[in-house]
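Close look at the chain arrangement
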Amino acid sequence: GLEVHFPIRSGGALRRTSGVLRAVDGVDLDILRGETLGLVGESGCGKSTLGNALLRLVPPTGGTVTFDGTDVTSLDRRGLKEMRRRAGMVFQDPFASLDPRRTVAQTVSEPLEVHGLRSGGRERAARVAELLELVGLDPAVAGRYPHEFSGGQRQRVGIARALAGEPDFLVCDEAIASLDVSVQAQVLNLLRRLQRQLGLTLLFISHDLSAVRHIADRIAVMYLGRVVEVGPADAVGSDPQMPYTQALLSAVPVPHPELERSRKRIVLRGDVPSPAAVPSGCRFRTRCPYAFEPCPDVDPALQPVGAPGQLAACHLHGVVGRPVDSGEPVAAR
Ligand code: SF4
Ligand code: MG
């Protein structure tokens, strides 16, 4: 039930508006220990806000986040600091996220200082060398500055920094999006290797469904602030049960012409509505080619459909959800 709503302020003191931007709007999602969960959706659907809310970099306005049994939303400063050691973040833009005035060694060792790990210069230097090797960089580059590196190398530095506190959980937010296509696969493979080698739990956020299919064990699809489908990567990637996922999938080019012809194509009409004006009932209904009578009136709940472990929020699988006016849940009909 996680929510991150932002009040919309517009105009001066005399023109107070009461709008609300529903960036994350009732997300129900489990991320399982040791898995890579791919989170996909178009830009502006709330993926980054969700990733940030999990680490409490953005305060949730409703619902809860539980990390390894602990309610993240109620942590005190000390608890939050320890949680941030155990849960790291790899950002989209390695150019913007690294301080240009700090050497690689300074950047990577900062979390060690913050968390009081490896006291003593020598021990820290040894740990920095270890981390650089782990991400495929020569430890000899420790004294260099970000501008001396390529985009891919900078992202490796960002990953080394994120791993410094020995986290269990890593949020990678569009971690390959700003890299050259030729470098994207290398960084993707690096993340996959690290996930296995270190037993990490990974939330891999991306607008790129083919990248997500390559790395994820399970895939969650987000639309207008809500998870609308989730399940094993094979199932969601090849037999999606929610029309929006089908549309995302049909936008991915298929190399084989025979496959291309046999595919169900869904071309979306219109634009994504504003998160300040989420449609009633099914939020996808204004663009859905299958929208029917219950769709404006009942907000569909995630329900098991398709493969084992696959859930989709769509009335085509039986009308289950919350009627718009009463707020009372309805059973399948
Ligand atoms: Fe389309 Fe209705 Fe299913 Fe929403 S609930 S995806 S509008 S058919
Ligand atoms: Mg984003």
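Before reading further, recall that the structure is shown in the block above.
The rules we used
- Residues numbered from 1 in each chain as written.
- Chains lettered and ligands numbered in written order.
- Predicted model: local features only at pLDDT ≥ 70, side-chain atom pairs only at ≥ 80, totals over all residues.
- Helix = DSSP H or I, 4+ residues; strand = E, 2+ residues; numbered from the N terminus.
- Buried ≥ 20, exposed ≤ 12 C-beta atoms within 10 Å, placed from the backbone.
- Contact = placed C-beta atoms within 7 Å.
- Near = placed C-beta within 6 Å.
- Nonpolar A, V, L, I, M, F, W, Y, C, P; charged D, E, K, R; others polar.
- Axes fitted to C-alpha atoms, helices over the stretch in contact; angles between N-to-C directions.
- Parallel < 35°, antiparallel > 145°, perpendicular 65-115°, else oblique.
- Left-handed = near helix turned anticlockwise from the far one by under 90°.

1. Some words on the overall build of the protein
Within the protein one finds eleven helices and 14 strands. Each principal axis of the C-alpha distribution contributes one length, and for the protein these read about 70 × 60 × 40 Å. Out of the 333 residues belonging to the protein, those deemed buried represent 39%. Looking at the protein alone, contacts between residues at least 24 apart form 60% of all its contacts between residues at least 6 apart.

2. What about the site of ligand 1?
Taken together, 13 residues lie near ligand 1, and Cys 282, Arg 285, Cys 288, Cys 295 and Cys 314 sit nearest. For the shell around ligand 1, the per-class residue count stands at eleven nonpolar, one polar and one charged.

3. Some remarks on the packing of helix α4 (residues 104-114) against helix α5 (residues 121-134)
For the pair α4 and α5, the least separation of the axes is 10 Å and the interaxial angle reads 110°. With respect to α5, the axis of α4 lies roughly perpendicular. Once α4 is placed against α5, the crossing between them reads as right-handed. Touching Ala 105, Val 108, Ser 109 and Leu 112 of α4 are Arg 124, Ala 125, Arg 127, Val 128 and Leu 131, all from α5.

4. Side note on the environment of Leu 55
One can find Leu 55 in the loop between α1 (47-54) and β4 (66-67). Separated by 28 residues in sequence, Leu 55 and Met 83 have C-alpha atoms that sit 7.8 Å apart.

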